[in-house]
Amino acid sequence: MRLLGFLLVWLMATPLAAAEREKRVLLFVPEDATVPAIADFTRTFRQTVLAEWKGPVTVDIEYLDMAWSGGAEYERALRDLYLGEPTGPIST
């Protein structure tokens with residue numbers, strides 16, 4: 001199973017002083033931004049979220065570069081990193 005499938009969208013809110021809360025969208029993309037299809041997808045995703053969301057929103061995109069490193073051990077370590085869980089060294 002690929003780390004979080006093709007991509008994972010994680011919404012998390014951060015409080016603001018105003019009554020309205022800013023939303024944060026974190027998008028995990030398995031490849032890097034230089035792949036033309038990935039660049040088109042992420043640009044369209046960001047534009048759509050910013051245009052359609054009601055209220056303030058921030059879109060962050062994390063490129064995992066899965067083509068360069070891979071395997072179950074790497075995916076587990078990457079998952080643990082993003083979840084803030086301790087992990088051992090990754091063997092290469």
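This text goes with the structure placed above it.
Residues numbered from 1 in each chain as written. Predicted model: local features only at pLDDT ≥ 70, side-chain atom pairs only at ≥ 80, totals over all residues. Heavy atoms only, no water.

Engineer: In this structure, what is going on with the overall build of the protein chain? I would like to understand it.
Structural biologist: When you go through the protein chain residue by residue, the secondary structure sums to two helices and three strands. When the helices and strands of the protein chain are placed in sequence order, the string is β-β-α-β-α. Of the accessible surface of the protein chain, which amounts to about 6,300 Å², a share of 60% is contributed by carbon and sulfur atoms. (Helix = DSSP H or I, 4+ residues; strand = E, 2+ residues; numbered from the N terminus. Areas by Shrake-Rupley, 256 points an atom, 1.4 Å probe, with all protein chains shown as cover.)

Engineer: Which parts of the structure should I look at to understand the pairing of strand β3 (residues 57-63)?
Structural biologist: Along any regular strand, the residues point their side chains to alternate faces of the sheet. Inspection of the sheet shows strand β2 (residues 22-29) paired to β3 by seven bridges, in the parallel sense. Within β3, the position partnered with L27 by the bridge is I61. With respect to chirality, the unit in which β2 leads through helix α1 (residues 36-52) into the neighbouring parallel β3 is right-handed. (Pairing = 2+ DSSP bridges. Right-handed = clockwise from strand over helix to strand, strands pointing away.)

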